[in-house]
4 protein chains.
Amino acid sequence: MANTSVPDRQLIEGKPALVVIDIQKSTFIDNSAVRSIDNMPGYKERMIAAKDLIDSAHERDVPVIFIQEVHRPDFVDFGRELDGREGIHCLDGDPRTEIAKEEMGFLDGDYIVPKRRYSAFFGTDFEILLRGLQVNTLILCGGLTDVCVHYTFVDAHQSDYFCRVVEDCVAGSSIEAHEAALNAMEYLQTGARQQRSAVIEAISEYNAAA
Amino acid sequence: MANTSVPDRQLIEGKPALVVIDIQKSTFIDNSAVRSIDNMPGYKERMIAAKDLIDSAHERDVPVIFIQEVHRPDFVDFGRELDGREGIHCLDGDPRTEIAKEEMGFLDGDYIVPKRRYSAFFGTDFEILLRGLQVNTLILCGGLTDVCVHYTFVDAHQSDYFCRVVEDCVAGSSIEAHEAALNAMEYLQTGARQQRSAVIEAISEYNAAA
Amino acid sequence: MANTSVPDRQLIEGKPALVVIDIQKSTFIDNSAVRSIDNMPGYKERMIAAKDLIDSAHERDVPVIFIQEVHRPDFVDFGRELDGREGIHCLDGDPRTEIAKEEMGFLDGDYIVPKRRYSAFFGTDFEILLRGLQVNTLILCGGLTDVCVHYTFVDAHQSDYFCRVVEDCVAGSSIEAHEAALNAMEYLQTGARQQRSAVIEAISEYNAAA
Amino acid sequence: MANTSVPDRQLIEGKPALVVIDIQKSTFIDNSAVRSIDNMPGYKERMIAAKDLIDSAHERDVPVIFIQEVHRPDFVDFGRELDGREGIHCLDGDPRTEIAKEEMGFLDGDYIVPKRRYSAFFGTDFEILLRGLQVNTLILCGGLTDVCVHYTFVDAHQSDYFCRVVEDCVAGSSIEAHEAALNAMEYLQTGARQQRSAVIEAISEYNAAA
């Protein structure tokens, strides 16, 4: 390893927020084998597993931010997104585009940030919200590990946030792509990959009032 | 594959620019096995191979933009970059940080864009330059495939540019990470992965005056 | 004047969009003398005058983009906005925060871009939308001339758009501030200040299909 | 005044930085009446007055950041900047473009941030630097009051920084434009306008080590 003096970091440095990326109704509505976006096996179960994270954040007054991919129905904002493997997805007004509020235990006081691109930072008010919340550590779950989670992580990392990804509460377009993205995130910040159990424990010990 | 109607794209759509990412003197100076940033086998040869791309761009008046990673010597702008696998790197004033101008055949009229982060778009004037050049297609070479190349590609993709990566003129932190990043880019834009020979042929047929 | 060779520009260069800034229900609901944000005399009439612009844009298939200032009800995203002359304003859920759709003749196919700050570019998808529409000229109306209009103009100008402000369809926090902001915009782009009649004439001659 | 509960702020909130905007050699070299950018009477004297601010910041270990407008010599990055009152200015390689280091008492350890546009935030690493320095309050001096100072203030304000402008150490394109811009900044943050003497006193009382 090239870096011989990685600083010793806590799972939660400073003030945390839980960032739930693109857990939308489509995961719970669309059971077709061919989807507009490929999903690895066990996708839905990994999203369901994120609910425990959200519950633990609610209990400790850790802000919960739901990111929602949504495109204008005239396709004007797809940019280059249809030039690759993804088909038309997440149209505004489509019930599958809604945040999976019931399945995820969404509460009043949780935040929603709609986005048009993969990174939650790109063309959104996410940064304004994070500054307002004075957050230092972002804990990421949701999907796709190798697209929206990975590229949100990268922008957060480049913006000086401590970043963690809950590896059993994210899922990718394929198992290979999921695993490669987790490795790429761990390359950027040692200790980025975390298990749900460890994250819930760290959140349970977090004192928002301190 | 989820997208059943990928549009048919040319290798060069509209006006191209060649983007040479972080080919700096360190590659040609530092032969130590342990480096501040890990390199896959054959790294230097892949950077040298990029010179033919640059020469072909010069011949056809395709703009050549050299991206240069450079950090202030008091470390103030490293952000979270030392929290992972990379050690201290690319300090301003260190001869290894200089663009490899001689090795790459740098010419007057080529552009240099210094950057502090992985993506060439982050905290730089790259976007201003691309607008001024009225560029539509970015052809990427250099390194690391899985870090600066990948994340520059992602921001370019999110900013609606057609993006190509010259797979034999990029190199990663490891072969596995290199290959995974190439796959991730191809996921975003079908036809993103290109061989140097095909790119040189497309450039040779490009008419900047048209 | 310092610039002796200002290029000769058309009122509409390339493809236009009409940008309607912060014409919200509050203007038509709140008649109190003391408001959360100061308005110059004749404010409402100048907003009403913008409807003719919007109608003319609809007739010629010029995209109409409504910008909407809106803040989260827990105040988390006000930043420094309450450190100056403006009181709490534009809360999400307040009927006064809604776009003045009826008064402005809003049509299906018009766009809405919510924002948290003064500039329509700051923390929004406005840039993504403009790229998707392939717009070159932004025609601005609404309010406040000296705040959201001025600072949106500045960001558009810095992003290489041709910018026009319809001086009888904007209004400021005071007459002095309104006039100073118009002068500042004209400083940036000669010919930026335009009368509604001239803009409607230029739009009526614009051929979206050309 | 619309805001009846402006919070009570210190001149310096949290950690300050002194931001010296576009005090370049041209001010001390070019004595011609017709310049590429108009200057109000007393321009040079107001820039010279900024040196005392810089000296006081050096004494108290307050970071000093010099912003430098600089354009590529092939004009590629002027964007719309030549469509208004400003002629060609600040070319890279022109001695007048250099920071006025001698006149301003520049020291090793001071920072330089080159920029292509008016706002110091636009297409630069200024934000990265400010995050690295963990700065909360920006104290602005330099020129033009109504262009680069004003628009840097606006972006800083929108990014949640406490902003102060030293009104006797800034100068505009005209006295009217200078005064209007100062009023616009005071509109955004009450107490933004400050005299040099008060700022020097506040800096002298600031304890960087606290």
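As the structure is a computational prediction, the values presented were derived from the model and not from experiment.

Undergrad: Go over the sheet that holds strand 6 (residues 193-194) of chain B, please, and point to the residues and values.
TA: Residue and element names in this part refer to chain B. The strand order across the open sheet formed by six strands is 3-2-1-4-5-6, and the pairing between neighbours is parallel. Only two strands of the sheet have a single neighbouring strand rather than two, namely strand 3 (111-115) and strand 6. Contacts between helix 2 (residues 43-59) and the sheet are confined to strand 1 (16-21), strand 2 (64-69), strand 4 (137-143) and strand 5 (162-171), with strand 5 contributing the most and set at about 135° to the helix. Most of the contacts of helix 7 (residues 196-204) go to strand 5, to which it runs at about 130°, and overall it touches strand 4, strand 5 and strand 6.

Undergrad: Kindly report on the relation of the copies chain C and chain A, identifying the contributing residues and their values.
TA: Note on the copies: chain C fits chain A at an RMSD of 0.0 Å, the axial shift is 0.0 Å, and the rotation between them is 180°. The operation mapping one copy onto its partner corresponds to a two-fold rotation axis. Relative to the rotation axis, the C-alpha of C:T124 is the closest in chain C, positioned 2.4 Å from it. Of the interface residues in chain C, 100% have counterparts in chain A that sit at the interface too, so the contact is made through matching surfaces.

Undergrad: With reference to specific residues and values, describe the packing of aromatic side chains.
TA: Considering all chains together, one arrives at 20 aromatic pairs over all chains under this definition. Both rings, one in A:F75 and one in A:F78, keep their centres 5.8 Å apart while their planes meet at 80°; by these two values the pair is edge-to-face. Ring centres of D:F66 and D:F106 lie 5.2 Å apart, and the angle between their planes is 55°; on these two criteria the pair is classed as tilted. Of this pair, D:F66 sits in strand 2 (residues 64-69) while D:F106 sits in the loop between helix 3 (101-104) and strand 3 (111-115); the two residues are 40 residues apart in sequence, bridging distant segments of the chain. The exposure class of D:F106 is buried, given its relative accessible area of 19%.

Undergrad: Residue-level account of the interface of chain C and chain A, with values.
TA: Opposite the 17 residues of chain C that make contact, chain A presents 17 residues. By the criterion of area lost to chain A, the three top residues of chain C are C:R72, C:V76 and C:I128, representing 42% of everything that side buries. Between the two partners, chain C and chain A, sit four salt bridges. Across the salt bridge formed by A:R72 and C:D125, the nearest N and O atoms sit 3.1 Å from each other. One can count 10 residue pairs in polar contact (both at pLDDT 80 or more) joining chain C with chain A. Of all the secondary-structure elements, those providing two or more residues to the side of chain C that touches chain A are strand 3 (111-115) and helix 4 (126-133) of chain C. For the side of chain C that touches chain A, the element with the most residues is helix 4 of chain C, which contributes four residues.

Undergrad: Residue-level account of the sheet that holds strand 5 (residues 162-171) of chain C, with values.
TA: Residues and elements named next belong to chain C. If you walk across this open sheet you meet the six strands as 3-2-1-4-5-6, and the pairing is parallel. Across the chains shown, the open sheet's two edge strands, defined by having one partner strand only, are strand 3 and strand 6 (193-194). Pairing of strand 5 with strand 6, which is carried by two bridges, proceeds in the parallel orientation. What sits directly across from V166, in strand 6, is Q194. Of the strands in this sheet, strand 1 (16-21), strand 2 (64-69), strand 3 and strand 4 (137-143) touch helix 4, which is tilted by about 180° from strand 2. Across the face of the sheet, helix 7 (residues 196-204) comes into contact with strand 4, strand 5 and strand 6 while running at roughly 130° to strand 5.

Undergrad: Before we move on, can you summarise the relation of the copies chain A and chain B with the specific residues and values?
TA: With an axial shift of 0.0 Å and an RMSD of 0.0 Å, the rotation relating chain A to chain B amounts to 180°. Both copies share a contact surface, since 100% of the interface residues of chain A are interface residues in chain B too.

Undergrad: Describe the environment of C:A210, with residues and values.
TA: Looking at where C:A210 falls in the secondary structure, it is placed in the segment after helix 7. Given the relative accessible area of 86%, C:A210 is considered exposed.

Undergrad: Lay out the state of the cysteines with the relevant residues and their values.
TA: Residues and elements named next belong to chain B. Applying the stated criterion across every chain yields a total of zero disulfides over all chains. C148 forms no disulfide, and the closest cysteine sulfur to it belongs to C90, at a distance of 8.2 Å. Using a relative accessible area of 6% as the deciding quantity, one classes C148 as buried.

Undergrad: Any details on the environment of A:I65? Residues and values, ideally.
TA: Residues and elements named next belong to chain A. Inspection of the secondary structure puts I65 in strand 2 (residues 64-69). The exposure class assigned to I65 is buried, which follows from its relative accessible area of 0%. Through-space distance from the C-alpha of I65 to that of S173 is 23 Å; in sequence the pair is 108 residues apart. If near-sequence neighbours (up to four positions away) are discounted, I65 is found in contact with A17, L18, V19, V20, Y111, V113, F126, L129, L130 and L133.

Undergrad: Any details on the environment of A:A2? Residues and values, ideally.
TA: Inspection of the secondary structure assignment puts A:A2 in the segment before strand 1 (16-21). We classify A:A2 as buried; its relative accessible area is 8%. For the pair formed by A:A2 and A:V113, sequence separation is 111 residues and the distance between their alpha carbons is 37 Å. When sequence neighbours within four positions are dropped, the list of residues in contact with A:A2 reads B:R35, B:S36, B:I37, B:D38, B:R85 and B:G87.

Undergrad: Would you mind going over the confidence of the model for chain A in detail, with residue names and values included?
TA: Close inspection of predicted coordinates is inappropriate for parts of the model with low pLDDT. Put simply, chain A has an average pLDDT of 95, and 100% of its residues get 70 or more. Interface predicted TM-score (ipTM) for the complex: 0.96; the corresponding pTM is 0.97.

Undergrad: So what's going on with helix 2 (residues 43-59) of chain C? Which residues, and what values?
TA: With 17 residues, helix 2 of chain C extends 26 Å from end C-alpha to end C-alpha; this agrees with the ideal 24 Å at 1.5 Å per step. Backbone geometry just downstream of helix 2 of chain C places C:D61 in the positive-phi region, at approximately 55°.

Undergrad: Account for the pattern of salt bridges, with residues named and values stated.
TA: Side-chain pairing between opposite charges can occur once the charged atoms of the two side chains come close. Per the stated rule, a full pass over the model turns up 69 salt bridges over all chains. Note that C:D125 is salt-bridged to A:R116, the shortest N-O span being 2.7 Å. Separated into two different chains, C:D125 in the loop between strand 3 and helix 4 and A:R116 in the loop between strand 3 (111-115) and helix 4 (126-133) make up a pair that spans both. As far as burial versus exposure is concerned, C:D125 and A:R116 are alike and both buried. Across the salt bridge formed by D:R116 and D:D77, the nearest N and O atoms sit 3.4 Å from each other. Of this pair, D:R116 sits in the loop between strand 3 and helix 4 (126-133) while D:D77 sits in the loop between strand 2 and helix 3, and the two are 39 residues apart along the sequence. Here D:R116 falls in the buried class, since its relative accessible area comes to 13%. Residues participating in the shared-partner salt-bridge network are A:R72, A:D77, A:R116 and C:D125.

Undergrad: Please set out the packing of helix 5 (residues 145-158) of chain A against helix 5 (residues 145-158) of chain B residue by residue, giving values where relevant.
TA: Orientation of helix 5 of chain A relative to helix 5 of chain B, taken along the N-to-C sense of each, is 105°, at an axis distance of 11 Å. The angle between helix 5 of chain A and helix 5 of chain B falls in the class roughly perpendicular. Where helix 5 of chain A abuts helix 5 of chain B, its residues A:H150, A:Y151, A:V154 and A:D155 lie against B:H150, B:Y151, B:V154 and B:D155. In the contact of helix 5 of chain A with helix 5 of chain B, the residues fall into four nonpolar, two polar and two charged.

Undergrad: How would you summarise the pairing of strand 2 of chain B if you had to cite specific residues and measurements?
TA: Residue and element names in this part refer to chain B. The buried count for strand 2 comes to six of six residues, which makes it a mostly enclosed element. With burial as the criterion, each face of strand 2 is covered, one bearing V64, F66 and Q68 and the other bearing I65, I67 and E69. Relative to strand 2, strand 1 is paired through four bridges, and the arrangement is parallel. Counterpart to V19 in the pairing with strand 2 is I65.

Definitions and limits used
Residues numbered from 1 in each chain as written. Chains lettered and ligands numbered in written order. Predicted model: local features only at pLDDT ≥ 70, side-chain atom pairs only at ≥ 80, totals over all residues. Heavy atoms only, no water. Pairing = 2+ DSSP bridges. Helix = DSSP H or I, 4+ residues; strand = E, 2+ residues; numbered from the N terminus. Contact = heavy atoms within 4.5 Å. Axes fitted to C-alpha atoms, helices over the stretch in contact; angles between N-to-C directions. Least-squares fit on C-alpha atoms with pLDDT ≥ 70 in both. Phe/Tyr/Trp six-rings, centres within 6.5 Å; stacked < 30°, edge-to-face > 60°. Buried < 20%, exposed > 50% of the residue type's maximum accessible area, 1.4 Å probe, protein only. Buried area = accessible area lost by both parts, 1.4 Å probe. Salt bridge = Lys/Arg side-chain N within 4 Å of Asp/Glu carboxyl O. Polar contact = N/O pair within 3.5 Å; in protein donor to acceptor, adjacent residues only side chain to side chain. Disulfide = S-S within 2.5 Å. pLDDT = per-residue confidence, 0-100. Expected span 1.5 Å × (residues − 1). Parallel < 35°, antiparallel > 145°, perpendicular 65-115°, else oblique. Nonpolar A, V, L, I, M, F, W, Y, C, P; charged D, E, K, R; others polar.

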